[in-house]
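# Overview (structure and organization)
Each chain, written out:
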Amino acid sequence: MSEVFNAIQVADRVFWVGAIDWELRDFHGYLTSRGTTYNAYLVLTDQVVLIDTVKASFKDQMMERIASVIDPARIQTIVSNHSELDHTGSLPATIERIRPERVVASGPGAKALKEHFHWNQPVQVVKDGEKLDLGNGSLQFFEARMLHWPDSQLAYLEPDGILFSNDVFGMHLASTERFAEQLDCALVIQEAARYYANIILPYSKKVTRLIEKLPTLSLDIRQIMPDHGPIWRQDPGQIVELYRTWAAQQRTRKAVVVYDTMWQSTAKMSRAVVEGLVGGGIDQVRVMPLEGSHRSDVATEVLDAGALLVGSPTLNNEIYPTVADVMTYLKGLSPANLLGASFGSYGWSPQSVKQLDRMLTEMGVQLVSEGVAVQYVPDAAALERCRALGAATAAQLIERHPEPSPAE
Ligand code: FEO
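Residues numbered from 1 in each chain as written. Predicted model: local features only at pLDDT ≥ 70, side-chain atom pairs only at ≥ 80, totals over all residues. Heavy atoms only, no water.

## Topic: the overall build of the chain
In terms of helices and strands, the chain carries 12 helices and 24 strands. The C-alpha radius of gyration computed for the chain amounts to 24 Å, which stays within 12% of the reference 22 Å derived for 408 residues, consistent with globular compactness. Taken along the three principal axes of its C-alpha coordinates, the chain extends 75 × 40 × 40 Å. The 408 residues of the chain split such that 58% are buried. Here the contacts in the chain between residues at least 6 apart in sequence split such that 73% fall between residues at least 24 apart. (Helix = DSSP H or I, 4+ residues; strand = E, 2+ residues; numbered from the N terminus. Rg over C-alpha atoms; globule rule 2.2 N^0.38 Å. Buried < 20%, exposed > 50% of the residue type's maximum accessible area, 1.4 Å probe, protein only. Contact = heavy atoms within 4.5 Å.)

## Considerations on the pattern of salt bridges
Taken as a whole, this structure holds 19 salt bridges when the rule is applied. Here Arg99 and Glu96 are joined by a salt bridge, their closest N and O atoms 3.2 Å apart. Neither Arg99 nor Glu96 differs from the other in exposure class; each is exposed. A cluster of three or more residues bridged by salt bridges with shared partners is formed by Lys254, Arg286, Glu301 and Asp304. (Salt bridge = Lys/Arg side-chain N within 4 Å of Asp/Glu carboxyl O.)

## Some words on helix 4 (residues 107–117)
Buried residues of helix 4: Gly109, Ala110, Ala112 and Leu113, and no others. All buried residues of helix 4 project into a common sector of 165 degrees when viewed along the axis, lining one side. On the buried face of helix 4, the contacting elements are helix 2 (85–88), helix 3 (91–98), strand 10 (102–105) and strand 11 (124–125). For helix 4, the N-terminal capping position is held by Ser106, with its side-chain oxygen 2.9 Å away from the main-chain nitrogen of Gly109. (Arc of directions from axis to C-beta. Polar contact = N/O pair within 3.5 Å; in protein donor to acceptor, adjacent residues only side chain to side chain.)

Laid out in structure tokens, this is it:
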């Protein structure tokens, strides 16, 4: 018996017709340990609308789900809220099959679609605030530039009170459940935080602006339907408030210590740094040896941390490759309001600490002091310098965050 892909009704006039990708483990370098979903929505107003599509390899699943509700040829409008291929990979084939009356996107979206598909497909451009009449309802569009690309937009369905939010408010979490309240609450928050830390964080100022703008739009948002992960039905305000907190990057009295090691010297130094942090009064210290920690785990831990301490040996006059990987990734994510410091061992040229201090500074991290570099193997005095680095970080962290971090 072959697999069956049925649509799932998620509101009176809305069906989920997306796909579940149980196997995805890498999304642009982000470890998606729990897979993801590509959510597409079929809206059965007088005008039948398909909101977004799915990654190309899942096109047949989407078409089968649509066909489980209506003849796909009845779709008159396809809305493309964001041109990234996880939402548009199957758009050209879907247009070919359905031949809709119109394809709708933002101005930058229409341009990006053309640059992706090099097609002659006409795209109807909608502006910020513009409404599309659907007969017994309407879709209103709102710019969401850089959330997560310049073309991103949100679509609000009236009078149903549904915000189709595309990447915003989503998460990479494959599940059979379609609604957040059906899943474990801690898991949902953890995966939403991981998604924010690894995808949305660089655009935090835009998130803050969007959240400040939402109440001025007089929308009655009763559900938020993102394009990844579960739908926010019971309490859509929960994810909006979480985004408000994460976007503020106010941080907490928590330190993340990331390191790799060649012959255990930098590992010994990291343990002394941790002793200094704990001895200085920091309860929450996340120790992340890169032998067993992925860059996206580090980014997730950094989301609410107040300090980032990085250790690397010098290898051929450079920092260790695994540390370079994490630092490049973190730099791109632009975390703000962090304290930081570096440490590391070397053989004949103490390059790693110099490079780490420079990289941290370029990231906008405020250095607690110059990094600690130790030749070959740290002795008791060198380990004491590492403890002092941890203690100095603890003192500055407590000064910045007088309240202890909330228990997790
Ligand atoms: Fe889910 Fe930016 O694509």
